[in-house]
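Residues per chain are reported as follows:
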Amino acid sequence: AQSVTQLGSHVSVSEGALVLLRCNYSSSVPPYLFWYVQYPNQGLQLLLKYTTGATLVKGINGFEAEFKKSETSFHLTKPSAHMSDAAEYFCAVDSNDYKLSFGAGTTVTVRA
Amino acid sequence: KAGVTQTPRYLIKTRGQQVTLSCSPISGHRSVSWYQQTPGQGLQFLFEYFSETQRNKGNFPGRFSGRQFSNSRSEMNVSTLELGDSALYLCASTGLYNEQFFGPGTRLTVL
């Protein structure tokens with residue numbers, strides 16, 4: 001069974017600073033990997049996905065993530081945080097069994 | 001394309017009652033999944049349907065059930081509600097690359 005670990009339940013960054021959210025997974029088969037964002041009282045919005053091919057994937061709102069198979073990691077970054085990035089972020093894995101396994105989530109706060 | 005829609009958005013029920021939640025996927029998507037989100041347990045997979053067949057089921061009691069119709073719309077039902085069933089229930093439909101697109105959720109409160 002796959003599991004997803006997000007290091008740090010809360011991350012606080014200054015506006016304009018780098019955002020780095022860490023995600024490690026365990027999977028017995030090559031996975032599909034995703035990052036989602038959730039704003040208060042809303043559903044999940046897909047930020048980006050890794051399926052096959054290029055290991056550096058770009059998503060919406062300036063986010064990108066790099067798939068590192070040797071480290072079983074899929075960390076999310078954004079070079080310059082904006083106030084609108086304050087939200088909860090979830091890393092998810094699909095090991096081709098028709099479901100997503102989610103990490104516990106990381107709440108990002110952005111300081112002015 | 002319209003996104004995933006879920007109805008109702010909010011529900012208040014009492015213990016012992018039953019509830020039915022509805023989900024309409026993105027047009028053309030044939031797979032629908034359901035998740036429960038709570039502060040304590042996070043996001044947990046309930047079940048997934050494709051062409052009216054359940055292909056996977058999470059670790060939930062039999063009180064939780066679902067179905068999918070021929071137009072890909074899906075419903076989930078929870079019978080004999082318990083306080084611990086209070087949660088945000090999220091529905092998602094699946095695109096070409098296994099990415100799931102989520103609806104806004106149904107917030108269920110059990111009193």
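Residues numbered from 1 in each chain as written. Chains lettered and ligands numbered in written order. Predicted model: local features only at pLDDT ≥ 70, side-chain atom pairs only at ≥ 80, totals over all residues. Heavy atoms only, no water.

Asker: Please clarify how the pattern of salt bridges should be interpreted in this entry.
Answerer: Here the idea is simple: oppositely charged side chains can pair when their charged atoms come close. As enumerated under the stated definition, the model contains eight salt bridges over all chains in all. For A:D85, the salt bridge is made with A:K78, and the minimal N-O distance between the two is 2.9 Å. No difference in accessibility class separates A:D85 from A:K78, as the two residues are buried. In this structure, B:R63 engages B:D85 in a salt bridge whose closest nitrogen and oxygen atoms are separated by 2.8 Å. One end of the pair, B:R63, is in the loop between β6 (53–57) and β7 (64–68); the other, B:D85, is in the loop between β8 (74–78) and β9 (87–94), with 22 residues separating them in the sequence. By sharing partners, the salt bridges in this structure join B:R63, B:E82 and B:D85 into a single network. (Salt bridge = Lys/Arg side-chain N within 4 Å of Asp/Glu carboxyl O. Buried < 20%, exposed > 50% of the residue type's maximum accessible area, 1.4 Å probe, protein only. Helix = DSSP H or I, 4+ residues; strand = E, 2+ residues; numbered from the N terminus.)

Asker: Would you mind showing me how to read the state of the cysteines here?
Answerer: Put plainly, two cysteines are in a disulfide when a covalent bond ties their sulfur atoms together. Per the stated rule, a full pass over the model turns up two disulfides over all chains. Between the sulfur of A:C23 and that of A:C91 lies a disulfide, 1.9 Å long from S to S. Torsion about the S-S bond of the A:C23 and A:C91 cystine: about -65°, corresponding to left-handed handedness. Linking A:C23 in strand β3 (residues 19–26) with A:C91 in strand β9 (residues 87–94), this pair joins segments that are 68 residues apart in sequence. The class of A:C23 is buried, set by a relative accessible area of 0%. On the accessibility criterion, A:C91 (0% relative accessible area) is buried. There is a disulfide in this structure between B:C23 and B:C91, and the S-S distance comes to 1.7 Å. Around the S-S axis, the bridge from B:C23 to B:C91 shows a dihedral of about -60° and counts as left-handed. Taken together, the residues B:C23 in strand β3 (residues 19–24) and B:C91 in strand β9 connect sequence positions 68 residues apart. The exposure class assigned to B:C91 is buried, which follows from its relative accessible area of 0%. (Disulfide = S-S within 2.5 Å.)

Asker: Is there a simple way to think about the packing of aromatic side chains in this case?
Answerer: Centre-to-centre distance and the angle between the planes together describe a pair of aromatic rings. In this structure the tally under the stated criterion is 13 aromatic pairs over all chains. Measuring from centroid to centroid gives 6.3 Å for A:F34 and A:Y36, while their planes differ by 40°, and the two rings are tilted. For A:F34, a relative accessible area of 0% corresponds to the buried category. Chaining the aromatic ring pairs together yields one cluster made of A:F34, A:Y36, A:F90, A:F102, B:Y35, B:F45 and B:F102. A cation over a ring is seen here: B:R55 above A:Y98, with NZ or CZ 3.6 Å from the ring centre. (Phe/Tyr/Trp six-rings, centres within 6.5 Å; stacked < 30°, edge-to-face > 60°. Lys NZ or Arg CZ within 6 Å of the ring centre and 35° of its normal.)

Asker: What should I look at first to understand the nonpolar core in this one?
Answerer: Across soluble globular proteins, you tend to see nonpolar side chains buried next to one another. Core analysis: the biggest nonpolar cluster contains 26 residues, and A:L21, A:W35, A:L47, A:L48, A:F74, A:L76 and A:Y89 have the highest contact counts within it. Sequence-distant contacts of A:L47, that is, excluding residues within four places in its chain, are made with A:W35, A:Y36, A:V37, A:G59, A:I60, A:N61, A:F63, A:L76 and A:Y89. Listed in part, the 21 residues of the second largest apolar core include B:L11, B:L21, B:W34 and B:A87. (Core = buried A, V, L, I, M, F, W, Y, C linked by side-chain atoms within 4.5 Å. Contact = heavy atoms within 4.5 Å.)

Such coordinate-based values are descriptive only and should not be taken to indicate function.
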